[in-house]
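# Analysis of the macromolecular model
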Amino acid sequence: MRTNRRTFLKSLGGIAAFTVVPRHVLGAGYIAPSDQLTKGIIGCGGMGRGHVGYAGTRLVAVCDVDKNHLALGQALVPEKIAEYSDFRDLILDKNVDIVHIATPPHWHGIMSVEAAKAGKDIWCEKPMTRTIGEGKRVAEAVKQYGRIFRLNTWFRFSDTFYGLGTPVKPLKKLVQSGMLGWPLKVTISKHTGFDWKFYWVGKEHLDPQPVPPELDYDMWLGPAPYKPYNEHRVHQNFRGYWDYDGGGLGDMGQHYIDPVQYFLGKDNTSPIKVEVDAPQQNPEAVGTWRSITYTYEDGCQIVLWGGDFGDPNTPYIEGPKGKVYKNFVCDIPNWEKKLADYPEPEPQNTDFIECVKNRQKFALNEQNGHRSCTIVNMGLVALRLNRKELHYDPVAQQFINDEAANRLIDQPMRAPWNI
């Protein structure tokens, strides 16, 4: 079944009023059949197939514009499940409770908004959106339609924080104790254990190639500008092109930056300035950079170093009263004993399925996820325009006195797509 755009939007008007009703209002203790929620995956590449088994869910539908990927998605479970080549058909599937979006980022905003309109809860891969404007639309739609949204980066609440040798919770406790002083400077680099996938860059002057018969290339492009097909544009290589992502920073940046936004207590705001040290970027292909520095209104900073750039002896967190290095080494005398006397950070809702059942906001949601994604996108805008410095208003969520930068907040979409 294929659904045209007009039919899709008309159908949403008829179903949203019912499906937006939380499960718990249907009766005390109401749960899905077999104590499970159902899900559908849009995008059956590596990421889509890699997050099939989160507990408490049952896969009932898959969607992909590549027939080969669609077959791999069907093979994820032994039983027969629904297969779609158009994401709108999956979103309208009444058997789907949760939509898992694992497409390239240029689709994340549209799909998240349409899923919210259809009364679906949403699990979205990072980055949350490719532009700041799309992030604002997603946050508005999730609120308007009363949905539960999860962004799939988890380091603010679980697992050892990459090469830093600690989960984020002890860092959060140390920062909020005030022992390091204020403002703080956080430096993210290879030297502190972070691998940017730095050389995920694009190629210039791609030659047109025949579109493979298994791929619906027009649908793969969707809202992105039309460019002749080349195999380096699609699947895992799309990350190197501005039309679809933003290189290693676009793909991996929210993993590294979101926990910093959390432990600095900045979930409801954004930096007011971004500074970039980088060579001139190609208009289509993402290139490399040396450093990106973000400054908040209170003087706190996040500094990103690309590749081997920077001093390997620089601390991960630096404050006027103390420093924290890789492997969670702090230079404050008796800091562990002193820290034990301070309160623990506030608990977080980290079970997505329970959040869906109880209609509670997930720890990393459409609001704080949008703010940490904005940091990534601020850097990408500065890189793309080769701006050494951009100023940003975190309340209006616009760049100050730079029309070209503001045009990249809400970028035009190829017809008939819009958000």
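What comes next concerns the included structure.

What counts as what
Residues numbered from 1 in each chain as written. Predicted model: local features only at pLDDT ≥ 70, side-chain atom pairs only at ≥ 80, totals over all residues. Heavy atoms only, no water. Helix = DSSP H or I, 4+ residues; strand = E, 2+ residues; numbered from the N terminus. Buried < 20%, exposed > 50% of the residue type's maximum accessible area, 1.4 Å probe, protein only. Contact = heavy atoms within 4.5 Å. Pairing = 2+ DSSP bridges. Axes fitted to C-alpha atoms, helices over the stretch in contact; angles between N-to-C directions. Parallel < 35°, antiparallel > 145°, perpendicular 65-115°, else oblique. Nonpolar A, V, L, I, M, F, W, Y, C, P; charged D, E, K, R; others polar. Polar contact = N/O pair within 3.5 Å; in protein donor to acceptor, adjacent residues only side chain to side chain. Core = buried A, V, L, I, M, F, W, Y, C linked by side-chain atoms within 4.5 Å. Salt bridge = Lys/Arg side-chain N within 4 Å of Asp/Glu carboxyl O. Phe/Tyr/Trp six-rings, centres within 6.5 Å; stacked < 30°, edge-to-face > 60°. Lys NZ or Arg CZ within 6 Å of the ring centre and 35° of its normal.

## Some words on the overall build of the chain
Within the chain, the secondary structure is distributed over 13 helices and 15 strands. When the 419 residues of the chain are sorted by exposure, 56% land in the buried category. Sequence-distant contacts in the chain: of pairs separated by 6 or more residues, those separated by 24 or more amount to 67%.

## Comments concerning the sheet that holds strand E6 (residues 149-152)
Adjacent strands of a sheet form backbone hydrogen bonds with each other and so pair up, either parallel or antiparallel. In space, the 6 strands of this open sheet follow the order E3-E2-E1-E4-E5-E6, with parallel pairing throughout. Each of the sheet's edge strands pairs with one partner strand only, and the pair in question is strand E3 (82-84) and E6. Between one strand axis and the next, the sheet turns through 25° on average, direction left out of account. Pairing of strand E4 (residues 98-101) with strand E5 (residues 121-125) involves 4 bridges; the strand directions are parallel. In the strand pairing of E5, His-100 is matched with Trp-123. Across the sheet, helix H3 (residues 67-74) lies against strand E2 (57-63) and E3, angled at about 165° from E2, the strand it touches most.

## Brief notes about the pairing of strand E1 (residues 37-42)
Among the 6 residues of E1, 6 are classified as buried, and the element is accordingly described as predominantly covered. With 6 bridges connecting them, E1 and E2 associate as parallel partners. Residue pairing across strands places Lys-39 opposite Leu-59, the latter belonging to E2. With 4 bridges joining them, E1 and E4 adopt parallel strand pairing.

## Regarding the packing of helix H5 (residues 108-117) against helix H6 (residues 132-144)
How two helices sit against one another is set out by the angle between their axes and by the gap between those axes. Running from N to C, H5 and H6 point in directions that differ by 10°, and their axes come no closer than 9 Å. One finds that H5 runs roughly parallel with respect to H6. Between H5 and H6, the contacting residues are Gly-109, Ser-112, Val-113 and Ala-116 on the first element and Glu-134, Arg-137, Val-138, Ala-141 and Val-142 on the second. Residue classes in the contact of H5 with H6 are distributed as 5 nonpolar, 2 polar and 2 charged.

## Notes on the side chain of Asp-258
Within the element layout of this structure, Asp-258 appears in helix H9 (residues 247-263). Exposure remark for Asp-258: the relative accessible area of 0% places this residue in the buried category. Here Ser-372 takes part through its side chain, which lies 2.9 Å from a polar atom of the side chain of Asp-258. Setting aside its immediate chain neighbours within four residues, Asp-258 contacts Arg-156, Leu-364, Asn-368 and Ser-372.

## With respect to the pairing of strand E7 (residues 185-188)
Bridging between E7 and strand E11 (residues 317-319) involves 2 bridges; their strand directions are antiparallel. Paired with Lys-185 across the strands is Glu-318, a residue of E11. Pairing analysis gives 4 bridges linking E7 to strand E10 (residues 301-305), with the strands arranged parallel. Considered in E10, the bridge of Thr-187 is made with Val-303.

## Some details on the nonpolar core
The biggest cluster of nonpolar side chains holds 57 residues, and the ones touching the most others in it are Ile-188, Phe-263, Ile-302, Leu-304, Tyr-316 and Ile-317. Not counting residues up to four positions away in its chain, the partners in contact with Leu-304 are Ile-188, Trp-196, Leu-249, Ile-257, Trp-289, Arg-290, Ser-291, Ile-292 and Tyr-294.

## What about unusual backbone geometry?
Along the chain, Lys-126 connects to Pro-127 via a cis peptide bond; the corresponding omega equals -10°. Considering the arrangement of structural elements, one finds Pro-127 in the loop between E5 and H6. At the junction of Ala-415 and Pro-416, the peptide bond is cis and its omega measures out at 10° in the coordinates. Relative to the helices and strands, Pro-416 resides in the segment after helix H13 (403-407).

## As for the side chain of His-370
Assignment of secondary structure puts His-370 in helix H12 (residues 366-385). Dropping the residues within four chain positions of it, His-370 is found in contact with Met-128, Ile-132, Gly-135, Lys-136, Asn-365 and Gln-397.

## Describing the pattern of salt bridges
Applying the stated rule across the entire model yields 23 salt bridges. A salt bridge links Arg-359 to Asp-121, with the shortest nitrogen-to-oxygen separation between them at 2.9 Å. Linking Arg-359 in the loop between helix H11 (352-358) and H12 with Asp-121 in strand E5, this pair joins segments that are 238 residues apart in sequence. Like Arg-359, the residue Asp-121 is buried in the burial classification. Each member of the salt-bridge network shares a partner with another, and the members are Lys-227, Arg-233, Asp-243 and Glu-284.

## Thoughts on the packing of aromatic side chains
Inspection of every chain in the model, using the stated rule, returns 19 aromatic pairs. With a centroid separation of 5.9 Å and an interplanar angle of 35°, the aromatic rings of Phe-87 and Trp-417 are classed as tilted. Separated by 330 residues along the polypeptide, Phe-87 in helix H4 (residues 87-91) and Trp-417 in the segment after H13 bring together distant segments of the chain. Plain terms: the ring middles of Phe-198 and Tyr-199 are 5.0 Å apart, the flat faces sit at 80° to each other, and that makes the pair edge-to-face. For Tyr-199, a relative accessible area of 61% translates into the label exposed. Positioned above the aromatic ring of Tyr-241, the side-chain terminus of Arg-233 is 5.3 Å from the ring centre.

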